[in-house]
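One-letter residues, chain by chain:
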Number of protein chains: 2
Amino acid sequence: MESNETTIAPPDAGGAATFDNAPIGVFDSGFGGLTVAREIAKELPRESIVYLGDSARCPYGPRSLDEVDGFVQQIGAWLVERGVKLVVIACNTATAAGLSHAQQTFPVPVIGVVEPGARAAAHATKNRRVGVIATKATVESDAYTKAIRNLDAGITVFSTATPRFVEIAEQGLRMAEGPIEDFTSLVSTVYIRPAFQEIAQEYLEPLRRCDIDTLVLGCTHFPLLKALIGGVVGRDVTLISSAQEAAHDVAHILSRRGALASDDHEPCYDFYTTGEDVEEFRSFGARVFRTDIDRVGRVTFPS
Amino acid sequence: MESNETTIAPPDAGGAATFDNAPIGVFDSGFGGLTVAREIAKELPRESIVYLGDSARCPYGPRSLDEVDGFVQQIGAWLVERGVKLVVIACNTATAAGLSHAQQTFPVPVIGVVEPGARAAAHATKNRRVGVIATKATVESDAYTKAIRNLDAGITVFSTATPRFVEIAEQGLRMAEGPIEDFTSLVSTVYIRPAFQEIAQEYLEPLRRCDIDTLVLGCTHFPLLKALIGGVVGRDVTLISSAQEAAHDVAHILSRRGALASDDHEPCYDFYTTGEDVEEFRSFGARVFRTDIDRVGRVTFPS
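Note on numbering: residues in each chain are counted from 1, in written sequence order. As they are written, the chains are lettered A onward and the ligands numbered 1 onward, keeping that order. Local features in this predicted model are restricted to residues whose pLDDT is 70 or higher, and side-chain atom pairs enter the listing and the counts only when it is 80 or higher, whereas totals over whole chains, interfaces and linings include all residues. Hydrogens and water molecules were not included; the side-chain quantities draw on all heavy atoms of the structure.

To keep things clear, this is the line we draw: UniProt positions are given in the numbering used here, feature names are shortened, and annotations may be inferred rather than shown by experiment.
For chain A, the name recorded in an unreviewed UniProt entry is Glutamate racemase, with Eggerthella guodeyinii as its organism. Taken verbatim from the UniProt record of chain A, the Sequence similarities (unreviewed entry) comment is "Belongs to the aspartate/glutamate racemases family." You can read under Function (unreviewed entry) in the UniProt record for chain A the words "Provides the (R)-glutamate required for cell wall biosynthesis."

**Focus: the UniProt feature "active site" (unreviewed entry) in chain A**
Residues and elements named next belong to chain A. Applied cut-off: A run of H or I in DSSP becomes a helix once it reaches four residues, and a run of E becomes a strand once it reaches two; helices and strands are each numbered from the N terminus. A simple rule labels every residue: compare its accessible area, found with a 1.4 Å probe on the protein chains alone, to the largest value its type can have, and call it buried under 20%, exposed over 50%, or partly exposed in between. Any pair of residues with heavy atoms lying within 4.5 Å of one another is described as a contacting pair.
Sequence positions flagged by UniProt for "active site" (unreviewed entry) are, in local numbering, Cys91 and Cys219. With the annotated positions falling across 129 residues, the maximum pairwise C-alpha distance of 6.6 Å places them together in a single cluster. Locating Cys91 in the fold gives a position in the loop between strand 3 (86-89) and helix 4 (92-105). Accessibility expressed as a relative area gives 5% for Cys91, which makes it buried. What Cys91 contacts, discounting residues up to four positions off in sequence, is Phe27, Asp28, Ser29, Tyr60, Val113 and Thr220. Following the sequence through the fold, Cys219 ends up in the loop between strand 7 (214-218) and helix 10 (226-233). Judged by relative accessible area, which is 8%, Cys219 ranks as buried.

**Looking at the relation of the copies chain A and chain B**
Stated formally: We place the copies in one frame by least squares, fitting the C-alpha atoms of every residue whose pLDDT is at least 70 in both.
When chain A is fitted to chain B, the residual RMSD is 0.0 Å, and the transformation amounts to a turn of 180 degrees plus an axial shift of 0.0 Å. Classification of the inter-copy transformation places it as that of a two-fold axis. In terms of C-alpha distance to the rotation axis, chain A has Asn150 of chain A as its closest residue, with the C-alpha 4.8 Å off the axis. A symmetric contact is evident, with 100% of the interface residues of chain A recurring at the interface of chain B.

**Structural notes on the domain arrangement of chain A**
Size of an interface: often given as the accessible area lost when the parts come together. All names here are of chain A. Counted only if it meets this: Residue ranges assigned to the domains are those given by an automatic or database domain assignment. Here the buried area means the combined drop in accessible surface, using a 1.4 Å probe, for two parts upon being joined, counting both sides.
The domain boundaries assigned to chain A delineate domain 1 (24-112 + 245-298) and domain 2 (115-242). Relative to domain 2, the C-alpha centre of domain 1 lies at a distance of 21 Å. When the two sides are added together, the surface that domain 1 and domain 2 hide from each other amounts to roughly 2100 Å², 55% of it contributed by carbon and sulfur. Three residues stand out in domain 1 for area buried against domain 2, namely Asn92, Glu245 and Arg287, and they jointly supply 30% of the buried area on that side.

**Things to note about the sheet that holds strand 8 (residues 238-241) of chain B**
Sheets are built from strands that pair by backbone hydrogen bonding, the pairs being arranged parallel or antiparallel. Residues and elements named next belong to chain B. Rules: Pairs of strands are assigned from DSSP output, requiring at least two bridges between the strands. To get an axis, fit a line to the C-alpha atoms, keeping to the stretch in contact for a helix; angles then go from 0 to 180 degrees between the N-to-C directions.
Strands sit in the order 6-5-7-8 across an open sheet of four strands; the sheet is parallel. Edge positions in the sheet fall to strand 6 (156-161) and strand 8, since each has one partner strand and no second. Going from strand to strand, the sheet's axes swing by 25 degrees on average, the running direction of each strand aside. Against the sheet, helix 11 (residues 242-256) contacts strand 7 (214-218) and strand 8, and its axis sits at roughly 50 degrees relative to strand 8.

**Here we look at the UniProt feature "binding site: substrate" (unreviewed entry) in chain A**
Residue and element names in this part refer to chain A. The condition that has to hold: Counting of polar contacts relies on pairs of N or O atoms within 3.5 Å, with two restrictions inside protein: one atom must be capable of donating a hydrogen and the other of accepting it, and residues adjacent in sequence are counted only when both atoms are side-chain atoms.
According to UniProt, the "binding site: substrate" (unreviewed entry) feature falls on Asp28, Ser29, Tyr60, Gly61, Asn92, Thr93, Thr220 and His221. A maximum C-alpha distance of 12.2 Å is found for the annotated residues, which run over 194 residues; spatially they form one tight group. Looking at the secondary structure, you find Ser29 in the loop between strand 1 (24-28) and helix 2 (34-43). In this structure Ser29 touches Gly53, Asp54, Ser55, Cys58, Tyr60 and Cys91, once residues within four positions along its chain are discounted. Structurally, Tyr60 can be placed in the loop between strand 2 (49-53) and helix 3 (65-81). Setting aside residues no more than four positions away along its own chain, Tyr60 makes contact with Ser29, Asp54, Val68, Phe71, Ile75, Cys91, Thr93 and Ala94. Within the structure, Tyr60 has its side chain in polar contact with the side chain of Asp54 (distance 2.6 Å).

**Here we look at the interface of chain A and chain B**
Stated formally: For salt bridges, the criterion is a side-chain nitrogen of Lys or Arg within 4 Å of an Asp or Glu carboxyl oxygen. Amino acids are sorted into nonpolar (Ala, Val, Leu, Ile, Met, Phe, Trp, Tyr, Cys and Pro), charged (Asp, Glu, Lys and Arg) and polar (every other residue, Gly among them).
On the side of chain B, 50 residues touch chain A, which itself brings 49 residues to the contact. For the interface between chain A and chain B, the tally reads two salt bridges. Close ionic contact of Glu245 of chain A with Arg256 of chain B constitutes a salt bridge, the shortest N to O distance being 2.5 Å. At the surface where chain A touches chain B, the tally comes to 24 residue pairs in polar contact (both at pLDDT 80 or more). Of the residues belonging to the side of chain A that touches chain B, the class tally is 16 nonpolar, 15 polar and 18 charged.

**Overview of the pairing of strand 1 of chain A**
Residues and elements named next belong to chain A. This is how it is decided: For a crossover, the right-handed case is the one in which the path from the first strand over the helix to the second runs clockwise, viewed with the strands pointing away from the viewer.
Of all the five residues making up strand 1, five are buried; the element is thus mostly covered by neighbouring parts of the structure. Strand direction decides the pairing type here: strand 1 and strand 2, joined by five bridges, are parallel. Counterpart to Ile24 in the pairing with strand 2 is Ile49. One crossover worth recording links strand 1 to the parallel strand 2 by way of helix 2, and it is right-handed. For strand 1 and strand 3, the ladder comprises four bridges, and the chain directions are parallel. Bridging from a neighbouring strand, Ile24 pairs with Leu86 of strand 3.

**Things to note about the pattern of salt bridges**
Two side chains that carry opposite charge are able to pair once their charged atoms sit near each other. All names here are of chain A. Tallied over the entire structure, the rule returns 26 salt bridges over all chains. Note that Lys85 is salt-bridged to Glu47, the shortest N-O span being 2.6 Å. Residue Lys85 is found in the loop between helix 3 and strand 3, and its partner Glu47 is found in the loop between helix 2 and strand 2; the two are separated by 38 residues along the sequence. For the salt bridge of Asp270 with Arg295, the shortest nitrogen-to-oxygen distance reads 3.0 Å.

**Some thoughts on the packing of aromatic side chains**
Selection criterion: Under the pairing criterion, centres of Phe, Tyr and Trp rings, with the six-membered ring standing for Trp, must be within 6.5 Å; the plane angle then separates stacked pairs below 30 degrees from edge-to-face pairs above 60, leaving the rest tilted.
Taken as a whole and assessed by the stated rule, the structure comprises 22 aromatic pairs over all chains. Consider the rings of Tyr51 of chain A and Phe281 of chain A, whose centres lie 6.3 Å apart with planes at 35 degrees: the pair is tilted. One end of the pair, Tyr51 of chain A, is in strand 2; the other, Phe281 of chain A, is in helix 12 (residues 278-289), with 230 residues separating them in the sequence. As far as the burial class goes, Tyr51 of chain A and Phe281 of chain A line up, both buried. Relative to Phe271 of chain B, the ring of Tyr51 of chain B has its centre 5.3 Å away and its plane inclined at 25 degrees; by these criteria the two rings are stacked. Of the two residues, Tyr51 of chain B is situated in strand 2 (residues 49-53) and Phe271 of chain B in strand 9 (residues 269-273); the sequence distance between them amounts to 220 residues.

Okay, here's the thing in structure tokens:
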């Protein structure tokens, strides 16, 4: 009906393919981005994924934006060399620091997690008071505030850095056994609950007092703490997972460009870490990703 | 599964409704916005719509952004008084001129047509060369270039003002009989084709030479010329209709907020014009909107 719009033929089409089985590249400072990778695998089960966790330099949160921008360039170039059709910066800090530069540098589309999360929050808030919890670097970059207010200038954004949530998520990962949706099952353990409750009150009580009705989990580690955070802020507050929203955008972009994998494509999940402990990465990774990982390798970047 | 996210309870919930049968407010300088209204009615067949066409002050394109911003404030306030739950600025010029101000002023969400169209274009382009055709005011506001590059800083945007397309669309409306999807059926008439072909070549040839693979129809009149424009730029160029994209966003926002109309709601379509010829508005309106209009009224604003 809408003739030109639904015909997503490649511009260089000479009867060319309307699918692309090349993998999607996803990276993060460590495990957090696996929450994005698993949403992509859930929404697009035919897509292959190459994931890189930069564990050797994790966390990115306390680093300068310039330094993180350099990491994004390095890792993005490595992914592009591996033939990915799209790069997802599955880390809020790295998105704030390096998305725009990466988009200008790489020959494939690059998407981050900030804009999809900001859009979901702008659409979800009813009282136009949105909270954002993120790393120090992400909060200081003002990336969410700008992105949300760019979509709706009537929204007031309250951001707060919650660096210890990253530690708690990493600690929970080490303790968890079996697949991990979030840490609800760990909520009663002595390790998580007391530490979490105290810190969560301290971090989240000021946001509650700001009367927010929507809270952006502005760090890809935080979906792992979703049920715990929800328990503190209350059910009236809608929690936005950038991971899920970014996966929707990946699906939308590939579908628009006629670049989805073919229906009969057997996806392949290759994981790489810059950290020394490849086995730990395989074990944690498989639990967050909740699907078998085909290969785990180690990569080193010159510093 | 994603507990807080899927429970879209209103923040003031005391067992309150999860639907909202209030109408959606849509306005434009004239008939163009009816392409947006019809996409909304198609995607959300239970929603009531109050449409205002500011025919008395049409076209907005040649006016200053400040003047148009004043019109947006005036019309938005009128729609809010009529109890709309959401305002759609179904006009690119008015979006560029007044969206941000309206979002800061009105107590209901306000969406425009620029961001949804820009996002669709950023997602669709493969060679990252996007063309935009719009009114002079929209092009001069740089709204599309900013919105597209904000989403992907690697995209080059080529914009051109095509004011005479608005005249042609209006002329086509006057000539057409029966429901109008676009003017394909009129392409062979002496009135449309020679005028259109000559003007279209002049406007679109420079964009073709820029090697664009995606073209944003950055004026809500232009979906009416879609097949004609597509014929000139060729099938390799994906045409983006902001009307359709804005309707998707309306659906997304209302669904996120639990503010869709109930399944058994009988929608009501009320149309208003500031122009003198109410009957002409009813006749043109019903043809573009392609659904019966319940009421057509006249409104006058103090100048």
